[in-house]
Every structure is written in C-alpha cells, then in structure tokens.
Number of protein chains: 2
Amino acid sequence: MKNIQKKLKEMAYKYIKEKIIFCELVPGSVIQENEIANELSISRTPVREALLELEKEGYVNIVPRQATTVPKVSLKDINEIIQIRNIIEVQCLKLIETPLAEEIKEKLREFKTIFQNYININKENNYKEFLQNDLEFHVYLVSLLGNSQLTNFCRELLYKSLRFWYLMIVGVERRISESSTEHVKIIDFLLENNIDKAAKALEEHILVSKESMLIINE
Amino acid sequence: MKNIQKKLKEMAYKYIKEKIIFCELVPGSVIQENEIANELSISRTPVREALLELEKEGYVNIVPRQATTVPKVSLKDINEIIQIRNIIEVQCLKLIETPLAEEIKEKLREFKTIFQNYININKENNYKEFLQNDLEFHVYLVSLLGNSQLTNFCRELLYKSLRFWYLMIVGVERRISESSTEHVKIIDFLLENNIDKAAKALEEHILVSKESMLIINE
C-alpha cells in the first residue's frame, strides 16, 4: 500500500515538474490540485505531497489556504543564475587538464554533430529536445572536472532554469541556431586543446544568453 | 494534531543533525531510531520522518530493513569540498567591488575582534562556538557578492562539512589559533581594499585547512 502511494506521488511530481519546466504552467500561474488529480485520475493526497516536495526545491510557491503558484521569473533570478554559471562553468573549464583524453574528444564530437544539426533547422519547434541537449552539454563540461558535488549542483541549477531558457527560445527562435553555433565553437577550441579560448567562448555564450533573456523580460 | 507531529519531527531533525555535525554521532556510526526516540521522549514515527529528511540532504544513509548510518568521511568528499570552496569563495571575493562600503568594513572589524580572541586561547574547547563563527565568516564573504542562490549553496555546503572541520580541530587543536590568524590576515587585506591579496590569502587558508584534514584522515 505504502509503495503505491509513493509511486502515485512520484508520478504527480514528474508530471507537474515537466509542466513547469516546459511552461505549460507559465510563471505566475496558479496550480489547481484537483485539476492535476483529475488529469492523472488519482486522488488529491499524492498531488499535495508532490507539491510539497516541489516547494522545497523551489519549483512552486505554496501559501496555505490560499494558492499554489509557479514562481515568476525575476530579473534577480536570471542575473544570479548567469553569475553562478559564469563563476562555476568557466572556472571548471579552466581547470581541465589538457591534452584532453580521446574518450572526451569522442563525446565532444558527438555533441558537435548534435548541435550542427540545429544550426540550419528553423522553426522546427524541437524546443524540448534542444534544451535537453543544451543542458546535457553544459553539465558534461562541468563533469569533466570530476567533482560530483559540483556537477550535481550545476545540473540542479540548470534544470531549474530550463523554464527561463524555454521562454527565451520560444520568444527568440533564432537562439537555437545561434546557441548551437556557439556550442560548436566551444567544442572546436576544446578539440584543439585550447582551453583559454574555449573558456572565453563559453563566457561569451553565457553572456549572449543573458542578453536574450533580458529581451524576453522587457 | 498535524501541527504537533510536524513540530516533533522538526525537533528530532534538529537534534539528530546537531549530533551528526558535532560528531556525537561519529562518521560511520549506526543511528538507533528507538534510542533517539527515548532520549527525546517521543514516538519513533517523527524520528523516522526526520531521518528521511536528513537522508535527502545527505546527512545519513538509510538501508531499509538494515541500518541507518552516518556517512563516513571520504578523501573524495574532502577534496571535492575544498575544490568547490576554492572555485566559489575565491572567485566571489575577486568579484567584490572596492573600495568596500563602511558598513562592510564595520562587520569585518567585528569578525576581526572575534578571531583575535581565539588566537591566544588554547585548549579552551570552544569548538562549537569557533566553528559557528568560522562558518559565518566564510558565508559572509560569499554574501558580499549579493547572489542569494550562491550564498545559500555555500552555506549548505559549509554546514554539511562542519563535522569534518570539527574532527579536524579536535585532532589538531592548534588549528583554531592558526585558522583565526589566517582569518585576521584576510580581513586586514580587505580593510585595505586589497582584494587580490585577500583572495590569495583565502586560497592559502583553504589549502592549509585541507592539509590539516588530510592528516586527520591518515
């Protein structure tokens, strides 16, 4: 019995989280427990438990006896996340030992192929897929340092900001192509073992993303 | 009724966490639910709930139907934490704008007085108090950047590693005095608005801590 309850809660958790990340539940919107319960054909208890879990992780705001909402995107949040990425991602890249191992280069070439395919695709609306690849690429770069605690923190941070990026690429569609070009540039410098230039290109890439985010927010 | 359960759980949570951080429950030891429940004169349910919460935060390991233990301190953990502190704390300090505002200087002078008092105190066994001040000082330095998400991450990371520092200063008692001298040095450079030297002193301080930790681990 307990196991079933746990599974229902996990199902609701994943369902709501995905709706938030891909902005079916847009920032600022109200989440109705009973609607979610109906959509999943389950009772409200596991939905409520899932929401409590999501609140702890910062995905929803709960005001008891009033409403459960998706937090708005604030300029402060965006600036903070960009600053953290600039500190952590760029520093991590600078600390990577060169020459890169062949298996790392192999993985980077795989990413390169993926992103090259996005450069010329327009309005394909592969937003979700692109964002997953985007996230995996950035987490992979951090993971090269071999620090699992730092990698986990970055994965969580990037995962939590996916909904911002989602809004951005829906609003500024050319960002998929631009961003992919920037990724390929970073990869090429890494394949040449030129860490300094790769780090600089990563820094620029993060800053350009920020500017696109700010356009959306206007 | 629900409120009482929540409060009992929170009480158990704080009680166990403190025992772990200050090594009354040493790394590797087994936690007995019923012992904790007896010590607090409460039932086992809130204790179990508190342990589940602590597991999520990495403070305990639970193997269902076997044992709940305090994670051992691994060399990998220590190295990862030191690396993260080096990346984040040092980079944050470098990004602080100078000249420092008068209120920041005032706060730094307060910290200076606190740490000066530890330099000549020997074997006073003020371990807990010292570690709290130590943690607050490092979190304060990060907080000067004004990035609340980064400050929270650092606070959690440092809080989680308090038990390592505790073992260190109990094992290498002179670290309280040494560490305080190093803190004063960092503060003095900051008061002179010499960020570069402060960042270098902070980097050295973190590395010396690491070496002391490794002695303990031998």
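Figured I'd write up the structure that's included with this text.

Procedures and definitions
Along each chain, residue indices are assigned from 1 in the same order as the chain's sequence is written. Note on labels: chains are lettered from A, ligands numbered from 1, in written order. The model is predicted, so local features are restricted to residues of pLDDT at least 70 and side-chain atom pairs to those at 80 or more, both for listing and for counting; the totals for chains, interfaces and linings are taken over all residues. Side-chain calculation: all heavy atoms of the structure are included, whereas hydrogens and water are not. Only when DSSP finds a minimum of two bridges between them are two strands counted as paired. Numbering of helices and strands starts at the N terminus; helices are DSSP runs of H or I of at least 4 residues and strands are runs of E of at least 2. Multiplying 1.5 Å by the residue count of a helix minus one yields the expected span of that helix. Bend is computed residue by residue as the angle between axes fitted to the seven residues ending at the residue and the seven residues starting at it. When the copies are overlaid, the least-squares fit takes in C-alpha atoms only where the residue has pLDDT of at least 70 in both copies. Two residues qualify as a contact provided that any one of their heavy atoms is within 4.5 Å of a heavy atom in the partner residue. Here the quantity called buried area is the total loss of accessible area, with a 1.4 Å probe, experienced by two parts when brought into contact, counted for both. In the sections that follow, a salt bridge refers to a side-chain nitrogen of Lys or Arg positioned within 4 Å of a carboxyl oxygen of Asp or Glu. Under this definition, polar contacts are N or O atom pairs within 3.5 Å; protein pairs additionally need one hydrogen-donor-capable and one acceptor-capable atom, and for neighbouring residues in sequence, both atoms have to be side-chain atoms. Gly is placed with the polar residues, together with every amino acid not listed as nonpolar (Ala, Val, Leu, Ile, Met, Phe, Trp, Tyr, Cys and Pro) or charged (Asp, Glu, Lys and Arg). Two aromatic rings, drawn from Phe, Tyr or Trp (for Trp, its six-membered ring), form a pair once their centres lie within 6.5 Å of each other, and the interplanar angle then sorts them: stacked below 30 degrees, edge-to-face above 60, tilted otherwise. The cut-offs for exposure are 20% and 50% of the maximum accessible area for each residue type, with area from a 1.4 Å probe on protein chains only; residues under the lower value are buried, those over the upper are exposed, and the others partly exposed.

## Brief notes about the sheet that holds strand E3 (residues 68–69) of chain B
Residues and elements named next belong to chain B. On the basis of which strands lie adjacent, the open sheet formed by three strands has the order E1-E3-E2 and antiparallel pairing. Of all strands in the sheet, those with a lone pairing partner are strand E1 (30–31) and strand E2 (61–62), marking the two edges. The pairing of E2 with E3 spans two bridges and is classified as antiparallel. Bridging from a neighbouring strand, Asn61 pairs with Thr69 of E3.

## Things to note about helix H7 (residues 148–171) of chain B
The terminal C-alpha atoms of H7(B) lie 34 Å apart, and with 24 residues this matches the ideal 34 Å at 1.5 Å per residue to within 8%. At B:Leu162, H7(B) shows its largest kink, close to 40 degrees.

## Brief notes about the relation of the copies chain A and chain B
Placing chain A over chain B gives an RMSD of 0.0 Å and needs a rotation angle of 180 degrees, together with 0.0 Å of translation along the axis. Such a turn and shift between the copies fits a two-fold axis. The overlap is high: 100% of the interface residues of chain A also sit at the interface in chain B, so the same surface is used on both sides.

## Regarding the interface of chain A and chain B
Between chain A and chain B, the residue contacts involve 21 residues of the former and 21 residues of the latter. The contact between chain A and chain B buries some 1,800 Å² in all, and 52% of this surface belongs to carbon and sulfur atoms. Here chain A is connected to chain B by two salt bridges. Across the pair A:Glu53 and B:Lys56 runs a salt bridge whose closest N-O atoms are separated by 3.5 Å. At the junction of chain A and chain B, the tally comes to 12 residue pairs in polar contact (both at pLDDT 80 or more). Listing elements by their share of the side of chain A that touches chain B, those giving two or more residues are helix H3 (44–56), helix H4 (75–95) and helix H7 (148–171) of chain A. Broken down by element, the residue count for the side of chain A that touches chain B peaks at 11 residues, all from H4(A). Looking at side-chain class alone, the side of chain A that touches chain B contains 10 nonpolar, six polar and five charged residues.

## A closer look at the packing of aromatic side chains
Here the distance between the centres and the angle between the planes together describe a pair of aromatic rings. Residue and element names in this part refer to chain A. Inspection of every chain in the model, using the stated rule, returns 17 aromatic pairs over all chains. Summarising the aromatic geometry, the rings of Tyr118 and Phe130 are spaced 5.0 Å apart at their centres and angled 80 degrees between planes, so their arrangement reads as edge-to-face. Of this pair, Tyr118 sits in helix H5 (residues 102–119) while Phe130 sits in helix H6 (residues 127–143), and the two are 12 residues apart along the sequence. Judged by its relative accessible area of 1%, Phe130 falls in the buried class.

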